[in-house]
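Chains, contacts and geometry: an overview
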Amino acid sequence: MSKPARVLTFKCDKCTKPVKVFLQKVSACSHIQPYQGLCACGELKRHATGNPDAVASYLQSSDGNWSHHH
């Protein structure tokens, strides 16, 4: 199994400039790899790969206190 990338780049939804998102620290769980980054315009960008339910939960959370539980 390959390791997830530490940094991904997306287009900002607000200003369309490139924004880098960084792999967030999580448990040793392989169900989800959450990413987060802040664009130069101040827009927060989130992305995740892994279990569809965990990804949806992460993307819908509105604060930085999200965590994945089994």
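Report follows, based on the coordinates. Treat the numbers as computed from the prediction; the structure is a model and nothing was measured. (Residues numbered from 1 in each chain as written. Predicted model: local features only at pLDDT ≥ 70, side-chain atom pairs only at ≥ 80, totals over all residues. Heavy atoms only, no water.)

With respect to the pattern of salt bridges
Taken as a whole and judged by the stated rule, the model has one salt bridge. Lys 45 is the salt-bridge partner of Asp 13, the closest N and O atoms lying 3.7 Å from each other. One end of the pair, Asp 13, is in the loop between strand 1 (7-11) and strand 2 (18-23); the other, Lys 45, is in strand 4 (residues 44-50), and 32 residues separate them in sequence. Its relative accessible area of 64% is what places Asp 13 among the exposed residues. (Salt bridge = Lys/Arg side-chain N within 4 Å of Asp/Glu carboxyl O. Helix = DSSP H or I, 4+ residues; strand = E, 2+ residues; numbered from the N terminus. Buried < 20%, exposed > 50% of the residue type's maximum accessible area, 1.4 Å probe, protein only.)

What about the pairing of strand 4?
On a regular strand, one side chain projects to one face of the sheet and the next to the other, so that they alternate. Across seven bridges, the pairing between strand 3 (residues 32-38) and strand 4 is antiparallel. Looking at the pairing, Pro 34 lines up with Ala 48 of strand 4. (Pairing = 2+ DSSP bridges.)

Thoughts on the sheet that holds strand 3
If you trace the four strands from one edge of the open sheet to the other, you get 1-2-3-4, paired in antiparallel fashion. With partners counted over all chains shown, the strands left at the sheet margins are strand 1 and strand 4, one partner each. Neighbour-to-neighbour, the strand axes of the sheet open up by a mean angle of 30°, direction not taken into account. Judged from the five bridges that link them, strand 1 and strand 2 form a sheet pairing that is antiparallel. Its bridge partner being in strand 2, Lys 11 is matched across the sheet by Pro 18. (Axes fitted to C-alpha atoms, helices over the stretch in contact; angles between N-to-C directions.)

Focus: helix 1 (residues 52-60)
Three- or four-residue spacings in an α-helix give side chains the same orientation, since the helix completes a turn every 3.6 residues. Among the residues of helix 1, Ala 54, Val 55 and Tyr 58 are the ones counted as buried. End-on, the buried residues of helix 1 take up no more than an arc of 100°, which puts them together on one face. With respect to the buried face of helix 1, the exposed residues turned more than 90 degrees away are Pro 52, Asp 53 and Gln 60. If you follow the buried residues of helix 1, they end up packed against strand 3 and strand 4. Sitting at the head of helix 1, Asn 51 places a side-chain oxygen 2.9 Å from the backbone nitrogen of Asp 53. (Arc of directions from axis to C-beta. Contact = heavy atoms within 4.5 Å. Polar contact = N/O pair within 3.5 Å; in protein donor to acceptor, adjacent residues only side chain to side chain.)

Description of the environment of Val 21
With respect to the helices, strands and loops of the structure, Val 21 is situated in strand 2. Note on Val 21: relative accessible area 0%, which makes it buried. Sequence separation between Val 21 and Val 7 is 14 residues, and the spatial gap between their C-alpha atoms is 5.7 Å. Ignoring anything within four residues of it in the chain, the contact list for Val 21 reads Arg 6, Val 7, Leu 8, Phe 10, Tyr 35, Gln 36, Gly 37 and Lys 45.

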